[in-house]
Amino acid sequence: MTQTIAMIAGPYLLVTGLGFLLSADFYQRMIASSTNAEPMLVNLSGAAHFAVGLVILVQHFQWSSAPEIAVSLVGIAAAVKGTALVAIPDLTLKSSRPAGMGLKLSAIGFLAAGGYLTYVGYIEASS
């Protein structure tokens, strides 16, 4: 299960991190406009994050190895973000405004996590 989730989450995080770097202007505009976001879309985004996080955690709440910890943390992060977007959307949208350097740091974090999980899912699994 660890490798299966890593095979899905890893590439997603890699692509998102690349997007933050290659399309920084787009993501800056998206973040800047989040306070004017359509409330229904914010709620749906929260529901999607929450559901994905809980699916991961229900299937995989394991802490015995570094890959298991990484996958479980992805589930926790998604569930927490979903909870925040549904329960306290205004506060959550205000706090998610990384400017310039914050977006670059987010990109680095996404690329590192995505690279590690992709390695776990595709390379380590075939060893």
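Structural notes, computed from the coordinates.

What counts and what doesn't
- Residues numbered from 1 in each chain as written.
- Predicted model: local features only at pLDDT ≥ 70, side-chain atom pairs only at ≥ 80, totals over all residues.
- Heavy atoms only, no water.
- Helix = DSSP H or I, 4+ residues; strand = E, 2+ residues; numbered from the N terminus.
- Rg over C-alpha atoms; globule rule 2.2 N^0.38 Å.
- Buried < 20%, exposed > 50% of the residue type's maximum accessible area, 1.4 Å probe, protein only.
- Contact = heavy atoms within 4.5 Å.
- Areas by Shrake-Rupley, 256 points an atom, 1.4 Å probe, with all protein chains shown as cover.
- Lys, Arg positive; Asp, Glu negative; His and termini not counted.
- Charge placed at Lys NZ, Arg CZ, Asp CG, Glu CD.
- Patch = residues over 30% accessible without salt bridge, like charges linked within 9 Å, V, L, I, M, F, W, Y side chains within 5 Å.
- Salt bridge = Lys/Arg side-chain N within 4 Å of Asp/Glu carboxyl O.
- Polar contact = N/O pair within 3.5 Å; in protein donor to acceptor, adjacent residues only side chain to side chain.

What to know about the overall build of the protein chain
Working step 1: Along the backbone of the protein chain there are 6 helices and 0 strands.
Working step 2: Scanning the protein chain from its N terminus toward the C terminus, one meets helices and strands in the order α-α-α-α-α-α.
Working step 3: At 15 Å, the protein chain has a C-alpha radius of gyration in line with the 14 Å of a compact globule built from 127 residues.
Working step 4: Referenced to the eigenvectors of the C-alpha coordinate spread, the extents of the protein chain come out at roughly 45 × 30 × 20 Å.
Working step 5: Within the protein chain, buried positions represent 31% of all 127 residues.
Working step 6: Restricting to contacts in the protein chain with at least 6 residues of sequence separation, those with at least 24 account for 79%.
Working step 7: Here the protein chain displays about 7,600 Å² of accessible surface, and carbon together with sulfur accounts for 71% of that area.
Working step 8: Considering the protein chain, the positive charge centre built from 5 side chains and the negative charge centre built from 5 side chains are found 13 Å apart.

Here we look at a nonpolar patch on the surface
Working step 1: There is a patch of nonpolar side chains on the surface, built from Met-7, Ile-8, Tyr-116, Tyr-119, Tyr-122 and Ile-123 and spanning about 570 Å² of accessible area.
Working step 2: Elements represented by at least two residues in the nonpolar patch include exactly helix H1 (2-22) and helix H6 (100-123).
Working step 3: If one sorts the elements of the nonpolar patch by residue count, H6 sits on top with 4 residues.
Working step 4: Take Tyr-116: it is sitting in helix H6.

So, the side chain of Thr-92
Working step 1: Looking at the secondary structure, you find Thr-92 in helix H5 (residues 89-95).
Working step 2: In this structure Thr-92 comes out as buried when scored by relative accessible area, which is 13%.
Working step 3: A distance of 2.8 Å separates the side chain of Thr-92 from the backbone oxygen of Ile-88, its partner in a polar contact.

So, the environment of Pro-89
Working step 1: Relative to the helices and strands, Pro-89 resides in helix H5.
Working step 2: Residue Pro-89 is classed as partly exposed on the basis of its relative accessible area of 28%.
Working step 3: Expressed as a C-alpha distance, the spacing of Pro-89 and Leu-111, which sit 22 residues apart in the sequence, is 26 Å.

Function cannot be inferred from these measures alone, as they are strictly geometric.
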